[in-house]
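Structural overview for review
Residues per chain, in single letters:
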Amino acid sequence: MPSTEKTNHNFALDVHEVAKLVPRGRVTSYGAIAHYLGKRVTARMVGWAMHACPPGVPAHRVVNSKGILSGKQHFKTPELMQKLLEKEGHQIVDDKIQRFGDVFWNPSEELA
DNA sequence: AATCTGACGGGCA
DNA sequence: GTGCCCGCCAGAT
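To keep things clear, this report deals only with the structure shown in the data block.

Definitions and limits used
- Residues numbered from 1 in each chain as written.
- Chains lettered and ligands numbered in written order.
- Predicted model: local features only at pLDDT ≥ 70, side-chain atom pairs only at ≥ 80, totals over all residues.
- Heavy atoms only, no water.
- Salt bridge = Lys/Arg side-chain N within 4 Å of Asp/Glu carboxyl O.
- Helix = DSSP H or I, 4+ residues; strand = E, 2+ residues; numbered from the N terminus.
- Core = buried A, V, L, I, M, F, W, Y, C linked by side-chain atoms within 4.5 Å.
- Buried < 20%, exposed > 50% of the residue type's maximum accessible area, 1.4 Å probe, protein only.
- Contact = heavy atoms within 4.5 Å.
- Axes fitted to C-alpha atoms, helices over the stretch in contact; angles between N-to-C directions.
- Parallel < 35°, antiparallel > 145°, perpendicular 65-115°, else oblique.
- Nonpolar A, V, L, I, M, F, W, Y, C, P; charged D, E, K, R; others polar.
- Near = heavy atom within 4 Å.
- Polar contact = N/O pair within 3.5 Å; in protein donor to acceptor, adjacent residues only side chain to side chain.

Right, let's talk about the pattern of salt bridges for a bit. Scanning the model with the defined rule gives two salt bridges in all. Of the charged contacts, one joins E88 and R61 as a salt bridge, the two residues approaching to 2.7 Å between their closest N and O atoms. Taken together, the residues span a long stretch of sequence, with E88 in the loop between α4 (78-87) and β3 (92-93) and R61 in the loop between α3 (43-51) and β2 (62-63) at a distance of 27 residues. We note a salt bridge from K72 to D95, for which the minimum N-O separation is 3.0 Å.

Burial of nonpolar side chains together is a common tendency in soluble globular proteins. In terms of nonpolar packing, the biggest core is built from 18 residues, with V15, I33, L37, V41, V46, M50 and V62 touching the most fellow members. When contributions to this core are tallied by element, the ones reaching two or more residues are α1 (11-21), α2 (30-37) and α3. If we skip the residues at most four places from it in the chain, M50 touches V15, H16, A19, Y30, V57, A59 and V62. Within the second largest apolar cluster, nine residues are counted, among which are M81, L85, I92 and I97.

For D94, which is not glycine, the phi dihedral falls at a positive 55°. Along the polypeptide, D94 turns up in the loop between β3 and β4 (96-97). Backbone geometry places R99, a non-glycine residue, at a positive phi of 60°. Topologically, R99 is positioned in the loop between β4 and α5 (100-103). Classification of R99 by relative accessible area gives exposed; the value is 61%.

The next subject is the packing of α1 against α3. Running from N to C, α1 and α3 cross one another at 80°; their axes reach a closest spacing of 9 Å. Considering the angle they form, α1 stands roughly perpendicular to α3. Of α3, the residues touching α1 (which contributes F11, A12, V15, H16 and A19) are M45, V46, W48, A49 and M50. Of the residues belonging to the contact of α1 with α3, the class tally is nine nonpolar, one polar and no charged.

Moving on: the protein's contact with DNA strand B. The environment of DNA strand B is made up of 17 residues, and the closest members are R44, M50, H51, N64 and S65. A breakdown of the atoms of DNA strand B within 4 Å of the protein gives sugar and phosphate a share of 48%. Here G31 contributes a backbone N or O atom positioned 3.3 Å from a phosphate oxygen of DNA strand B. Separating a base nitrogen of DNA strand B from a backbone N or O atom of G47 is a distance of 3.2 Å. Put simply, the parts of the chain that give the surface near DNA strand B at least two residues each are α2 and α3. Considering each element in turn, the surface near DNA strand B owes the most residues, six residues, to α3. Taken together, the residues of the surface near DNA strand B break down into seven nonpolar, nine polar and one charged.

Laid out in structure tokens, this is it:
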């Protein structure tokens, strides 16, 4: 249960927690996680949090609002992110997840 | 101490 | 549809 109260400079932990809940074969966005955690947490903060994501967090399942693999450069190798996603059944064309609307997982609803 | 940057996103021109 | 601006806050310079 992530805290949505006042100043949490620990939201990174919440971000990681939510990221781990993303089902295999589904993806979510930085903004969706941010919205779920609360108003003070913005997509940028989520991005920052992912920067320090511990092992076990499926960071490849988190993309930007357009379904683009904006963070692939931060993986061990840029191809890794796409490869993992394709392995989970996603189609990716030009760094963009196809059928994004269908595989999108919204924590605010699915996890509400 | 001050400033810039960033795995982003929404709003407006 | 494209592009610029602003906000949010923690690191890095």
